[in-house]
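Notes for the structure review
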Amino acid sequence: MIPWARGNIALALLELEGMNQAQSASLTLLVDAAAAVDVAAWASASGLRCRAESTDPCADAYLETFDGRLYEAGFSLSIAHANKQRRLEWRRLDGQLLGFTPLRKASKWASDLPAAWDAARSAIAMRALNQTLRWHGDITRFRILDKRDKTVAALTVRQGELETAGPTSLEAPTVVTLEPLKGFESAAEDVRQAIFDALGAPMVSVSLVPELHAHAGVDVAGVSSKFAARLAPETPAGNALASLLQLMRETLSVNEAGLRADIDSEFLHDFRVAVRRSRSLIARMKSLIDPDALEHLRAGLSWLGGATGPVRDLDVYLLNIPRYQHLLGIQDQTSLEPLRVHLMRAQRRAHRTLVRELDRERYGEFLDWWDDLLERTLAMTQLDLAAMSPPAALPIREVASTALAKQWKRVRKGGRAIKANTRAEALHELRIECKKLRYLLEAFRSLYDDAAMAKLVKSLKRLQDNLGDFQDLEIQQERVRQFAEEMQAGRNPPPLSTFLAMGRLIEQLRLGQQQARERFAQTWRVFD
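What counts, and at which threshold
In every chain, residue numbers begin from 1 and rise along the written sequence. Confidence filtering applies because this is a predicted model: local features only for residues at pLDDT of at least 70, side-chain atom pairs given and counted only at 80 or more, and all residues used for totals across whole chains, interfaces and linings. The basis for every side-chain value is the complete set of non-hydrogen atoms in the structure, without hydrogens or water. A cavity, in this analysis, means grid points on a 1 Å lattice covering only the protein atoms where a 1.4 Å probe fits yet has no way out; a pocket is instead an open set bounded by protein on both sides within 12 Å along at least five of seven lines, and a residue lines either one if it has an atom within 4 Å of a point. Grid points are joined across faces, edges and corners, and a volume is the space filled by probe spheres set on the points. Numbering goes from the N terminus for both helices and strands, where a helix is a DSSP run of H or I of at least four residues and a strand is a run of E of at least two. Side-chain classes are defined by residue name, with Ala, Val, Leu, Ile, Met, Phe, Trp, Tyr, Cys and Pro counting as nonpolar, Asp, Glu, Lys and Arg as charged, and the others, Gly among them, as polar. Accessibility here uses a 1.4 Å probe with only protein chains present; expressed as a share of the type maximum, an area under 20% marks a residue as buried, one over 50% as exposed, and anything in between as partly exposed. Strands qualify as paired when DSSP identifies two bridges or more between them. Definition used for salt bridges: Asp or Glu carboxyl oxygen within 4 Å of a side-chain nitrogen of Lys or Arg. pLDDT runs from 0 to 100 and stands for how confident the predictor is about each residue. Here a residue-residue contact requires only that any non-hydrogen atoms of the pair lie within 4.5 Å. Only centres within 6.5 Å qualify two rings of Phe, Tyr or Trp (six-membered ring in Trp) as a pair; their planes then separate them into stacked at under 30 degrees, edge-to-face at over 60, and tilted for everything else. Residues grouped as a nonpolar core are buried Ala, Val, Leu, Ile, Met, Phe, Trp, Tyr and Cys residues, joined through side-chain atoms within 4.5 Å. Axis definition: a line fitted to C-alpha atoms, over the contacting stretch in the case of helices. Angles run 0 to 180 degrees between N-to-C directions. Roughly parallel means an angle under 35 degrees; roughly antiparallel, over 145; roughly perpendicular, 65 to 115; everything else is oblique. A crossing counts as left-handed when the near helix is turned anticlockwise from the far one by less than a right angle, and as right-handed when that turn is clockwise.

Let us now look at empty space enclosed by the protein. In total, this model carries 2 cavities of 30 Å³ or more according to the counting rule given. What the largest cavity holds in volume is close to 40 Å³. In terms of lining, the largest cavity is formed by Tyr62, Leu63, Glu64, Phe75, Ser76, Leu77, Thr132, Val209, His213 and Val220. Of all the elements in the fold, those that place two or more residues in the lining of the largest cavity are β3 (49–64), β4 (75–82) and α5 (208–215). Considered class by class, the residues forming the lining of the largest cavity number 6 nonpolar, 3 polar and 1 charged. Taken as a whole, the second largest cavity spans an internal volume of roughly 30 Å³.

For an α-helix the count is 3.6 residues per turn, leaving residues at separations of three or four pointing the same way. Across the 8 residues of α5, 7 count as buried, placing the element largely inside the fold. Those residues of α5 that sit buried are Leu208, Val209, Pro210, Glu211, Leu212, His213 and His215. The positive-phi residue at the C-terminal boundary of α5 is Gly217, with phi of around 75°.

This brings us to the pairing of strand β7 (residues 130–145). Two strands pair when backbone bridges link them, and β3 and β7 are joined in this way by 15 bridges, in the antiparallel orientation. Note that in β7 the partner of Ala52 across the bridge is Phe142. Taken together, the 12 bridges between β7 and strand β8 (residues 151–163) define a ladder with antiparallel strand orientation. Its bridge partner being in β8, His136 is matched across the sheet by Glu161. Taking the residues that link successive antiparallel strands as the turn, the β7-β8 hairpin has 5 residues, and the phi of Asp149 there is positive, at about 70°.

Per the counting criterion, the structure on display carries 35 salt bridges. Between Arg510 and Glu507 there is a salt bridge, with its nearest N and O atoms 2.7 Å apart. Of this pair, Arg510 and Glu507 both sit in helix α15 (residues 496–527), 3 residues apart, which is roughly one turn of the helix. The exposure class assigned to Arg510 is partly exposed, which follows from its relative accessible area of 34%. Taking relative accessible area as the criterion, Glu507 reaches 33% and is therefore assigned partly exposed. The structure contains a network of salt bridges with shared partners spanning Asp67, Arg69, Arg127, Asp264 and Glu266.

Overall, the predicted model of the protein reaches an average pLDDT of 90, with 93% of residues at or above 70. For residues 1–24, every residue scores under 50 in pLDDT, and the model assigns this stretch 80 contacts once sequence neighbours within four places are set aside.

Our focus in this paragraph is the packing of aromatic side chains. The geometry of an aromatic ring pair is captured by two quantities: the separation of the ring centres and the angle between the planes. According to the stated counting rule, one finds 10 aromatic pairs in the structure shown. When the ring of Phe66 is compared with that of Phe267, the centres are 4.7 Å apart and the planes differ by 55°; the resulting orientation is tilted. One end of the pair, Phe66, is in the loop between β3 and α2 (69–73); the other, Phe267, is in helix α7 (residues 265–284), and 201 residues separate them in sequence. The class for Phe267 is buried, based on a relative accessible area of 2%. Taken together, a centroid distance of 5.5 Å and an interplanar angle of 35° make the contact between Trp90 and Trp117 tilted. With Trp90 in strand β5 (residues 85–92) and Trp117 in the loop between β6 (97–102) and α3 (118–124), this residue pair connects regions lying 27 residues apart in the sequence.

Before going further, it helps to spend a moment on the nonpolar core. Ranked by size, the top nonpolar core spans 90 residues in total, and within it Leu304, Trp370 and Phe444 carry the most contacts. Ranked by residue count, the leading element in this core is helix α8 (residues 291–328), at 13 residues. The residues contacting Phe444, other than those within four sequence positions of it, are Leu231, Leu244, Leu281, Met285, Ile396, Ala400 and Met453. Within the second largest apolar cluster, 22 residues are counted, among which are Val39, Leu48, Val176 and Phe196.

To continue, consider unusual backbone geometry. Positive phi outside glycine occurs at Ala125, with the angle close to 55°. Examined against the element boundaries, Ala125 turns out to sit in the loop between α3 and β7. On the basis of relative accessibility, which here comes to 32%, the residue Ala125 falls in the partly exposed class. The residue Asp149 is not glycine, and still its phi comes out positive at about 70°. By the element assignment, Asp149 lies in the loop between β7 and β8.

Along the chain, the position of Leu294 falls in helix α8. Among the residues examined, Leu294 registers a relative accessible area of 8% and is labelled buried. Linking Leu294 and Val220, residues 74 residues apart in sequence, is a C-alpha distance of 38 Å. Once residues within four sequence positions are removed from consideration, Leu294 is found in contact with Ile282, Lys286 and Ile289.

The interhelical angle for the contact between α8 and helix α10 (residues 361–378), taken along N-to-C directions, is 140°, at an axis separation of 11 Å. In terms of axis orientation, α8 runs oblique to α10. Every pair of crossing elements has a handedness; the one defined by α8 and α10 is left-handed. Contacts between α8 and α10 pair Ala293, His296, Leu297, Ala299, Gly300, Leu301, Trp303 and Leu304 from the former with Arg362, Tyr363, Phe366, Trp369, Trp370 and Leu373 from the latter. Grouping the amino acids of the contact of α8 with α10 by side-chain chemistry returns 11 nonpolar, 2 polar and 1 charged.

Next up, the structure:
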């Protein structure tokens with residue numbers, strides 16, 4: 001029985017596909033599989049009759065990113081199997097078909113979708129698509145006829161099973177869809193009412209894809225990478241810090257499998273962000289932690305940061321290849337293909353090294369120790385915390401306000417000291433201080449006015465973007481030179497055109513860095 005069932009009917013789903021709700025709307029019902037579906041009786045109750053047209057096998061495989069980006073954007077993607085053909089369908093969550101295309105190869109990346117599906121491609125971005133649910137069974141098509149044998153509506157009944165990533169399947173709810181034909185809306189409305197009368201169903205506006213996933217126990221919204229901490233102002237600071245670190249620890253666990261399998265670059269990115277957040281928090285809140293535990297935590301997080309760095313750096317260069325091609329123009333795009341191949345090979349080697357690091361006993365032992373530390377700290381009373389470290393017993397808002405004020409002063413002091421002739425290292429240092437401030441703001445955002453914090457974070461992000469462009473473009477120039485040297489020293493060096501293109505790319509990166517430097521003064525004035 002469907003958990004949210006009301007008698008034999010689970011829910012009534014009204015899908016409006018660009019039609020008038022009162023007249024030609026299509027109606028889709030999700031009915032408990034055990035309920036009696038009697039199309040002939042529904043038609044007869046309306047003074048009509050039905051004719052079964054065909055019964056055919058059908059299947060849909062739904063695709064989504066790990067963090068539910070399509071769902072968040074209001075879309076669904078599915079591979080539809082019918083009439084011995086497969087096609088990729090792009091829909092709104094209300095069922096409206098936005099586009100379809102014959103499926104000739106597996107669709108894993110945004111680039112595998114038609115160029116015209118720009119909104120879907122933008123939502124997916126760099127994430128991989130994975131199958132979340134498979135719905136297979138039979139679909140029976142009926143015509144609803146009036147006394148003159150005129151078709152007034154089409155009705156389909158779909159029955160089958162749902163399969164998730166696990167080894168088992170479960171019976172799917174029966175899906176009944178009524179499509180009125182233009183000019184016969186009144187007769188179709190009689191059928192609609194007969195269905196409601198027979199099943200006792202209320203008319204509820206919901207979406208098919210989320211409901212099917214919910215029935216199968218799958219959260220179509222996925223696992224969000226957004227940092228959302230809720231802290232009470234009076235919580236002892238030591239307990240609050242432990243709860244924040246627990247969120248970061250959970251992020252490592254959630255992303256580890258995808259990182260190991262190298263499903264997409266965001267698993268490692270989110271893993272590393274959690275490590276960096278943790279390192280930044282304990283650096284700003286070190287008075288809240290036992291000194292011995294602080295040193296052990298620092299060492300473990302520093303090791304993880306170092307172990308994951310090389311793969312992430314190469315991921316970033318691979319993600320930047322389309323941008324590099326754009327910088328060089330159409331004529332140079334193919335010239336960078338050897339660079340892409342070189343980066344892919346280097347990334348695979350670095351990833352194997354990372355997995356070996358994570359397979360070491362050190363990794364498991366560090367995580368176990370971290371879990372134990374968090375469990376003990378979260379269980380501490382205010383008196384326990386005070387005995388360990390007096391600041392740890394203070395209200396978190398008081399401690400957070402002090403930390404934010406100090407970091408804010410560091411950022412303002414660093415930014416105001418930068419002039420037109422200031423060395424590049426000063427901008428790099430400011431970027432690091434801004435990142436530390438950002439992590440503090442996001443960690444303690446729930447303690448302050450949300451609108452004010454949102455405005456501050458947005459302004460800080462613009463500054464970070466400018467500083468990040470300046471530093472990243474400087475590093476990229478040097479790294480592209482290094483890649484050229486590695487490729488030249490390889491067994492099969494690429495053609496001269498590749499090295500010429502990489503030389504032009506270095507010059508474009510230099511110009512971009514110069515422009516970022518020139519934008520800093522205005523960006524800082526807005527922030528300050």
